[in-house]
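Letter by letter, the chains look like this.
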Amino acid sequence: MPAHPVILAIETSCDESAAAVCDANGHILASRISSQIPEHQPYGGVVPELASRNHMTRLRPVTEAVLADAGLQLADIDAFAATAGPGLASSLLVGTSAAKALALACHKPFLAINHLEGHLLSPFISHPNGVQPGVALIASGGHTLLISLIAPRHYQILGSTRDDAAGEAFDKAGKMLGLPYPGGPQIEKLARSGNPSAFAFPRPMIDSSDHSFSFSGLKTSLLYLLPQIAGTLPGTLPDLCASFQQAITDILVSKTIRAAKALHAASISLSGGVSCNQHLRESFSKACQQARLPFHCASPQHSTDNAAMIAFAALHHLLAGASSPLEADIDPNLTFAPP
Ligand code: KG4
Ligand code: ZN
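Residues numbered from 1 in each chain as written. Chains lettered and ligands numbered in written order. Predicted model: local features only at pLDDT ≥ 70, side-chain atom pairs only at ≥ 80, totals over all residues. Heavy atoms only, no water.

Q: Hey, could you run me through the nonpolar core in this one?
A: Taken as a class, soluble globular proteins show a tendency for nonpolar side chains to be buried jointly. Grouped together as the largest cluster of nonpolar side chains are 44 residues, with contacts concentrated most on Phe 201, Phe 215, Leu 240, Ile 248 and Leu 252. Where this core is concerned, the elements lending two or more residues are strand 6 (134–139), helix 5 (166–176), helix 6 (183–191), helix 7 (216–228), helix 8 (237–262), strand 9 (268–271) and helix 9 (278–290). A per-element tally of this core places helix 8 first, with 13 residues. Aside from chain neighbours lying at most four places away, what touches Phe 215 is Thr 144, Thr 161, Asp 163, Asp 164, Ala 165, Ala 166, Ala 169, Ile 248, Ile 251 and Leu 252. Judged by nonpolar contacts, the second largest core, of 32 residues, contains Ala 20, Ile 125, Tyr 155 and Ile 310. (Core = buried A, V, L, I, M, F, W, Y, C linked by side-chain atoms within 4.5 Å. Buried < 20%, exposed > 50% of the residue type's maximum accessible area, 1.4 Å probe, protein only. Helix = DSSP H or I, 4+ residues; strand = E, 2+ residues; numbered from the N terminus. Contact = heavy atoms within 4.5 Å.)

In structure tokens form, the structure reads like this:
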């Protein structure tokens, strides 16, 4: 028997239709993700209407599957949660409407969850000591955020990107290089056999005293470089990818370590889709070791969008006695409340 309360969460902020169940101890009893990447690949990016229509058809089977995986019935669920933002409006509406309908039918509470909070807490799913305070970096397709994680439900934004997100920079570079969407994993694959020092890409804002990021200059430098080296392609593709990946890695690691030192943080955590990148994970791990800081990283299955992180975040709100009204709106531009 699972420890109650048991939460069923739905995540549909972008192009993944996901559902998960977690128990009162934060153990993920079941988690499924129905990826739409093959459907969006021909368009080189996510098509919002296609994403929401796919959520409509996939959500019921995915939700039934996680209940079956966990060996539970709807009646065993104590609360229903869904991502309420940030994300694509039409995608968010499908997931929140589904979770609200389940909550209404089962006479159980509904929790509207911030997708960013899901990413933020994801490194601590299955952590024996729970959520640890420190400086947190969320690096995803939509966001690059440095956050002071004080405790669950208590966060302070330190800085964010002024233009593109880190994952967006990977994806735009991938597009320029003619790689399939999403560019991040493709660039990582090619970078494995490349020389990270072959091309001198800029590291914008790496030495700035604030905690902000900027990746658009890096993207532009690739755009200007490509016509100059057109004759050497595709042979130089691995070197290009390795050098581009190294520039993003250097910026993310350097700025996060600097923020942690400035705040005398107790640890560093890393989450979001870009944290799937093995080179980035290893670079963070090495830098944290040198700085004598514990390093917490989301597991690969909890790095890209998933519902386990939404269930885990919802648990902290539910245990604190919080829930959301069924009238709660979505917010495509949701962020954390300013300090
Ligand atoms: O967290 P996520 O699934 O969705 C958002 O909330 O945005 O992140 C998706 C992003 C995409 O930009 C994708 O290219 C990037 O994460 N990503 C990677 C890797 N795997 C996913 N970037 C670099 N290396 C990877 N291995
Ligand atoms: Zn995400």
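Q: Is there a simple way to think about the sheet that holds strand 4 (residues 79–85) in this case?
A: Adjacent strands of a sheet form backbone hydrogen bonds with each other and so pair up, either parallel or antiparallel. Across the sheet, which stays open at both edges, the 5 strands sit in the order 3-2-1-4-5 with mixed pairing between neighbours. Strands at the two margins of the open sheet, each flanked by one partner only, are strand 3 (28–35) and strand 5 (110–114). Along the sheet, successive strands turn relative to each other by an average axial angle of 20 degrees, direction set aside. Two strands pair when backbone bridges link them, and strand 1 (residues 7–11) and strand 4 are joined in this way by 4 bridges, in the parallel orientation. (Pairing = 2+ DSSP bridges. Axes fitted to C-alpha atoms, helices over the stretch in contact; angles between N-to-C directions.)

Q: Would you take a moment to explain the coordination of the zinc ion (ligand 2) for this structure?
A: Put simply, a metal with four donors set out as a tetrahedron has ideal angles of 109.5 degrees, and one with six donors set out as an octahedron has ideal angles of 90 or 180 degrees. At the metal site, the zinc ion (ligand 2) is ligated by His 115 (NE2), His 119 (NE2) and Asp 305 (OD), and these contacts range over 2.0 to 2.1 Å. Taken in chain order, the donor set of the zinc ion (ligand 2) reads H-x3-H-x185-D. Linking His 115 with His 119, this pair stays in helix 4 (residues 115–121), spanning 4 residues, or about one helical turn. The exposure classification of His 115 matches that of His 119, with both residues buried. (Donors = N, O, S within 2.8 Å, 3.2 Å for Na, K, Ca; no water.)

Q: Just to check I follow, could you spell out unusual backbone geometry for this structure?
A: Of all residues except glycine, most have a negative phi; of all peptide bonds, most are trans. Residues Gly 85 and Pro 86 are joined by a peptide bond in cis, for which omega reads -10 degrees. For Pro 86, the position within the fold is in the loop between strand 4 and helix 3 (89–106). The step from Tyr 181 to Pro 182 runs through a cis peptide bond, and the omega angle for that step is -5 degrees. Positive phi, normally seen in glycine, also occurs at His 107, with a value near 55 degrees. Mapped onto the elements of the fold, His 107 is located in the loop between helix 3 and strand 5. A positive phi angle is found at Arg 153, which is not glycine, with a value near 75 degrees. The topology assignment puts Arg 153 in the loop between strand 7 (144–151) and strand 8 (154–160).

Q: Can you walk me through the environment of Ser 148 in this structure?
A: Summarising the element assignment, Ser 148 is placed in strand 7. Sequence-distant contacts of Ser 148, defined by excluding residues within four places in its chain, comprise Gly 134, His 154, Tyr 155, Gln 156, Leu 158 and Leu 263.

Q: Please clarify how the layout of surface pockets should be interpreted in this entry.
A: Leftover empty space is mapped by rolling, across the atoms, a probe with the size of a water molecule. There is about 1200 Å³ of room inside the largest pocket. Ser 140, Gly 141, Asp 171, Tyr 181 and Pro 182 are, among the 42 residues lining the largest pocket, the residues nearest its centre. Among the secondary structure elements, those contributing two or more residues to the lining of the largest pocket are helix 4, helix 5 and helix 6. In terms of residue class, the lining of the largest pocket is made up of 14 nonpolar, 20 polar and 8 charged. Here the lining of the largest pocket spans two domains, and each of domain 1 (7–122 + 303–319) and domain 2 (133–297) adds at least three residues to it. Put simply, the second largest pocket is a space of about 310 Å³. Taken together, 17 residues make up the lining of the second largest pocket; nearest its centre are Asn 114, Glu 117, Tyr 155, His 317 and Phe 336. Mapped by element, the contributors of at least two residues to the lining of the second largest pocket are strand 5 and strand 8. In terms of residue count, the dominant contributor to the lining of the second largest pocket is strand 5 (4 residues). Its residues assigned to classes, the lining of the second largest pocket comprises 9 nonpolar, 6 polar and 2 charged. (1 Å grid on protein atoms, 1.4 Å probe; cavity = no way out; pocket = protein on both sides within 12 Å on 5 of 7 lines; lining within 4 Å. Points joined across faces, edges and corners; volume = space filled by probe spheres on them. Nonpolar A, V, L, I, M, F, W, Y, C, P; charged D, E, K, R; others polar. Domains from an automatic or database assignment.)

Q: I would appreciate a short explanation of the pairing of strand 7 in the present structure.
A: Counting buried positions along strand 7 gives 6 out of 8 residues, so the element sits mostly inside the fold. The pairing of strand 6 with strand 7 spans 6 bridges and is classified as antiparallel. Residue Leu 137 lies in a different strand from strand 7, and its bridge partner there is Leu 146. Here strand 6 hands over to strand 7 after 4 residues, the two strands then running antiparallel side by side. As consecutive antiparallel partners, strand 7 and strand 8 are separated by 2 residues, and within that stretch Arg 153 has a phi angle of approximately 75 degrees, a positive value.

Q: What exactly am I supposed to notice about the site of ligand 1 here?
A: Residues in close proximity to ligand 1 total 20 residues, the closest being Gly 141, Asp 171, Glu 188, Gly 273 and Asp 305. With respect to ligand 1, the backbone of Gly 141 contributes an N or O atom lying 2.8 Å from an oxygen atom. Backbone polar atom of Gly 142 to an oxygen atom of ligand 1: 3.1 Å apart, as the coordinates give it. Across the complex, the protein chains shield 88% of the 550 Å² of accessible surface that ligand 1 would expose by itself. Of all the elements in the fold, those that place two or more residues in the shell around ligand 1 are helix 4, helix 5 and helix 6. Tallied by class, residues from the shell around ligand 1 come to 5 nonpolar, 12 polar and 3 charged. Looking at which domains feed residues into the shell around ligand 1, each of domain 1 (7–122 + 303–319) and domain 2 (133–297) gives three or more. (Near = heavy atom within 4 Å. Polar contact = N/O pair within 3.5 Å; in protein donor to acceptor, adjacent residues only side chain to side chain. Areas by Shrake-Rupley, 256 points an atom, 1.4 Å probe, with all protein chains shown as cover.)

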